[in-house]
Amino acid sequence: MKFLHAADIHLDSPLRGLERYEGAPVGEIRGATRRAFERLVDLAIEEEVAFVLLAGDLYDGDWKDYNTGLFFVSQMNRLREADIRAFVIAGNHDAASQITRVLRPPDNVKVFSTKRPETAVLEDLGVALHGQGFASVAVTEDLSAGYPAAVPHLFNIGLLHTSLDGREGHAAYAPCSVDGLRSRGYQFWALGHVHVREVVSRDPWIVFPGNLQGRHARETGAKGATLVTVEGREVVRAEHRDLDVFRWATCPVSLAGVAGTGEALDRIQQALEKALDAADGRPLAARIRLEGACPVHDDLAADPERWIAEIRGIASGFGDGSLWIEKVQVRTRRAADLAVLERDDALGGLLHTVRELAADEAALAALAESFADLERKLPPELFAEGEAARPGDPERLRSLLDEARDLLLARLLAAPETLEA
């Protein structure tokens, strides 16, 4: 018996963060989440799986219209024609309190209750599936504690949308522990909510498949689902299958010691070639991060738009339209930076603090969290596509800290006599 485990589909979620410029694929990637879901259904049919598990966040909040629901129904009908069942739980993005439009799914689809755990027994396969969806966006209790014990002599699967015992970058929803899941006696836990693939345990199997399609620059690398093969009541294989149709990458480029524009652009081109090779033939949006102490820093700081245009030109030179630049981050510094850090005055101390904060992920996350109240008070339209980044976005804060660092350096290096006075 084989089954597919997927989660965090986020159908029709916009791919965020791709800056608009000539040739950028903003329009053509809008349907990426749908195409990735179609590939999931293709794989289920090709592998002749017995069923598909969707462990939450099938949607991305309330639908703009019925087309999102109609697309899902059409894909489930494809499974129905292949005699494949589907089992679905709601996550925080498609909680019962979030989705106001409803379409009845085909009869091969089982949507688990959001009020209490349910069990579906598949007698023909010797399988028992247990699950409960989110009734509201923020579920803070341990839902797994209410799941029933394993049904004897069957292969038991638990579907759960959860942060488990905490995962960076994900809200602490339906928290639980590995020991708590293990106590249910199930052979497989199909989890959702965390967008990075992770095999938490193999005894029993506890798996986050990751999301099906990366949606922004922090969701890099291969995305897809887990294909599970069962013999008797044992998992013999749990294989990740790439299903994404568009990929994101962060490309750090060291310019340490680089003095000339030509050498810097050569290093950037090499990094882009490597990232494109790793994308396995998929279109790629790359974030370029320029780093290191280098003489070329002043040229970068003086005319960043020219450098961005140069880098976009390199990307377009690959010729097949498969590579775009999502963003260029300049984190280079003057070779004199380290000496300036030794200054024993107010601006020198402030510069030291700024650089330490930018390099401390935990401190940056805490600072971002402190902006949560401010973000709730600001008008939603401020965060529309193409507008300002959210104040609680750690990447945006790091970028602002980099700008502050450069301003401080310029002041320290330009007028040392004034500062010392």
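Here, the structure is the one placed above.
Residues numbered from 1 in each chain as written. Predicted model: local features only at pLDDT ≥ 70, side-chain atom pairs only at ≥ 80, totals over all residues. Heavy atoms only, no water.

Across its full length, the protein chain holds 12 helices and 15 strands. Out of the 421 residues in the protein chain, the part that is buried amounts to 48%. A total accessible area of about 19,500 Å² is found for the protein chain, and carbon and sulfur atoms account for 50% of it. (Helix = DSSP H or I, 4+ residues; strand = E, 2+ residues; numbered from the N terminus. Buried < 20%, exposed > 50% of the residue type's maximum accessible area, 1.4 Å probe, protein only. Areas by Shrake-Rupley, 256 points an atom, 1.4 Å probe, with all protein chains shown as cover.)

Ring pairs (aromatic) are described by centroid distance and by the angle formed between their planes. Per the stated rule, a full pass over the model turns up 15 aromatic pairs. Judged by centre distance (6.4 Å) and plane angle (55°), the ring pair of Phe3 and Phe155 falls under tilted. Taken together, the residues Phe3 in strand S1 (residues 2-6) and Phe155 in strand S7 (residues 155-161) connect sequence positions 152 residues apart. Under the relative-accessibility criterion, Phe155 is labelled buried at 1%. Relative to Trp248, the ring of Phe246 lies with its centre 5.6 Å away and its plane at 75°, an arrangement referred to as edge-to-face. Accessibility expressed as a relative area gives 1% for Phe246, which makes it buried. An aromatic cluster is built from Phe3, Phe51, Phe87, Phe112, Phe155 and Phe188, whose rings are joined through pairwise contacts. Positioned above the aromatic ring of Phe112, the side-chain terminus of Lys110 is 5.6 Å from the ring centre. (Phe/Tyr/Trp six-rings, centres within 6.5 Å; stacked < 30°, edge-to-face > 60°. Lys NZ or Arg CZ within 6 Å of the ring centre and 35° of its normal.)

This brings us to the packing of helix H1 (residues 32-47) against helix H2 (residues 67-81). When two helices pack together, their arrangement is given by the angle between the helix axes and by the axis-to-axis distance. Relative to each other, H1 and H2 sit at 15°, their axes nearing to 10 Å. Here H1 is positioned roughly parallel relative to H2, judged by the angle of their axes. Judged by the twist between their axes, the crossing of H1 over H2 is right-handed. Only Asn67, Thr68, Phe71, Phe72, Gln75, Met76, Arg78 and Leu79 of H2 make contact with H1, whose side of the interface consists of Arg34, Phe37, Glu38, Val41, Asp42, Ala44 and Ile45. Its residues assigned to classes, the contact of H1 with H2 comprises eight nonpolar, three polar and four charged. (Axes fitted to C-alpha atoms, helices over the stretch in contact; angles between N-to-C directions. Parallel < 35°, antiparallel > 145°, perpendicular 65-115°, else oblique. Left-handed = near helix turned anticlockwise from the far one by under 90°. Contact = heavy atoms within 4.5 Å. Nonpolar A, V, L, I, M, F, W, Y, C, P; charged D, E, K, R; others polar.)

Another aspect to go through is the packing of helix H4 (residues 261-278) against helix H6 (residues 304-316). Running from amino to carboxyl end, H4 crosses H6 at an angle of 45°, the nearest separation of the two axes being 10 Å. Relative to H6, the element H4 is oriented oblique. Pair H4 / H6 crosses with right-handed handedness. Contact residues: Thr261, Ala264, Leu265, Ile268, Gln269 and Leu272 in H4; Arg306, Trp307, Glu310, Ile311 and Ile314 in H6. Here the residues of the contact of H4 with H6 sort into seven nonpolar, two polar and two charged.

Quantified by volume, the second largest pocket comes out at close to 450 Å³. What lines the second largest pocket is a set of 22 residues, among which Tyr59, Asp94, Ile99, Val102 and Val111 lie closest to the centre. For the lining of the second largest pocket, the elements supplying multiple residues, two or more each, are H2 and strand S3 (85-89). Considering every element that reaches the lining of the second largest pocket, the biggest residue donor is H2, with three residues. Taken together, the residues that form the lining of the second largest pocket break down as 16 nonpolar, three polar and three charged. (1 Å grid on protein atoms, 1.4 Å probe; cavity = no way out; pocket = protein on both sides within 12 Å on 5 of 7 lines; lining within 4 Å. Points joined across faces, edges and corners; volume = space filled by probe spheres on them.)

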